[in-house]
Amino acid sequence: MIIQPQSFAVRNMRYTIRSAMEKDAKALSELRLEIDGETENLDREKGEAFIDEAGFKQIIQTDGQKSCNLFLVGEVENKIVGFSRCEGNDLKRFAHKLEFGVCVMQKYWGYGIGKNLLKQSINWADLHAIKKMTLTVLETNEKAIELYKNLGFEMEGILKQDKRLSDGNYYNTIVMGRINE
């Protein structure tokens, strides 16, 4: 699905949230690899489950055609610095919900890019009668958990000792959901 671009200005930085386009595929491949190496908040370590340019082109094409998917990018001065994705399901029993994921380059944290990617996704989901949005978040990612709560997500469960991080310790993953009443 495609949305209209939205522009934002935060502390002298302007950025745009827009739908991903096929021409973004190479930049998205490079960005995802970089972001995976910046933090342990995501599921992958740098280089794991690598998606090349052709892979991103396919995802963007599919998401543009499916009414239950949405792929957004955050762009600063024509550079993609973050992205989010909503992925729905064609199975009738799950057609009412979708999964959301987001990532933003660490250099651009604190400007509301992740928050606005999520807000745009929520608005889109609500307009398209999506009943439920779900996401998972590492228990130590307190800022993200607080953001999700502030935007109407509730904790639905905990996946105990779900991820093993570089310190050798196991951490819980929190499952959160937002229901559109």
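Look up: the structure comes first, before these words.
About the thresholds
Residues numbered from 1 in each chain as written. Predicted model: local features only at pLDDT ≥ 70, side-chain atom pairs only at ≥ 80, totals over all residues. Heavy atoms only, no water. Phe/Tyr/Trp six-rings, centres within 6.5 Å; stacked < 30°, edge-to-face > 60°. Lys NZ or Arg CZ within 6 Å of the ring centre and 35° of its normal. Core = buried A, V, L, I, M, F, W, Y, C linked by side-chain atoms within 4.5 Å. Buried < 20%, exposed > 50% of the residue type's maximum accessible area, 1.4 Å probe, protein only. Helix = DSSP H or I, 4+ residues; strand = E, 2+ residues; numbered from the N terminus. Contact = heavy atoms within 4.5 Å. Expected span 1.5 Å × (residues − 1).

Undergrad: Tell me about the packing of aromatic side chains, and please be specific about residues and values.
TA: Using the criterion set out here, one finds 5 aromatic pairs in the structure. Grouping aromatic residues by their ring pairs yields a cluster made of Phe-56, Phe-71 and Phe-83. The ring of Tyr-111 is capped by Arg-11, whose NZ or CZ atom sits 4.4 Å from the centre of that ring.

Undergrad: Pulling in residues and values, what's your account of the nonpolar core?
TA: If you look at the biggest cluster of nonpolar residues, it comprises 45 residues, and the most contacted ones within it are Leu-28, Ile-113 and Met-133. The element best represented in this core is helix H3 (residues 113–127), accounting for 6 residues. Apart from the residues lying within four places of it in its own chain, the contact partners of Ile-113 are Met-13, Tyr-15, Ile-17, Gly-74, Val-76, Val-81, Val-104 and Tyr-108.

Undergrad: Provide a residue-level description of H3, including the pertinent values.
TA: Between its first and last C-alpha atoms H3 spans 21 Å; for 15 residues at 1.5 Å apiece the expected length is 21 Å, and the two agree. Those residues of H3 lying buried are Ile-113, Gly-114, Asn-116, Leu-117, Leu-118, Gln-120, Ser-121, Ile-122, Trp-124 and Ala-125. Just downstream of H3, Ala-129 is the residue with a positive phi angle, here 55°.

Coordinates in, geometry out; function isn't part of it.
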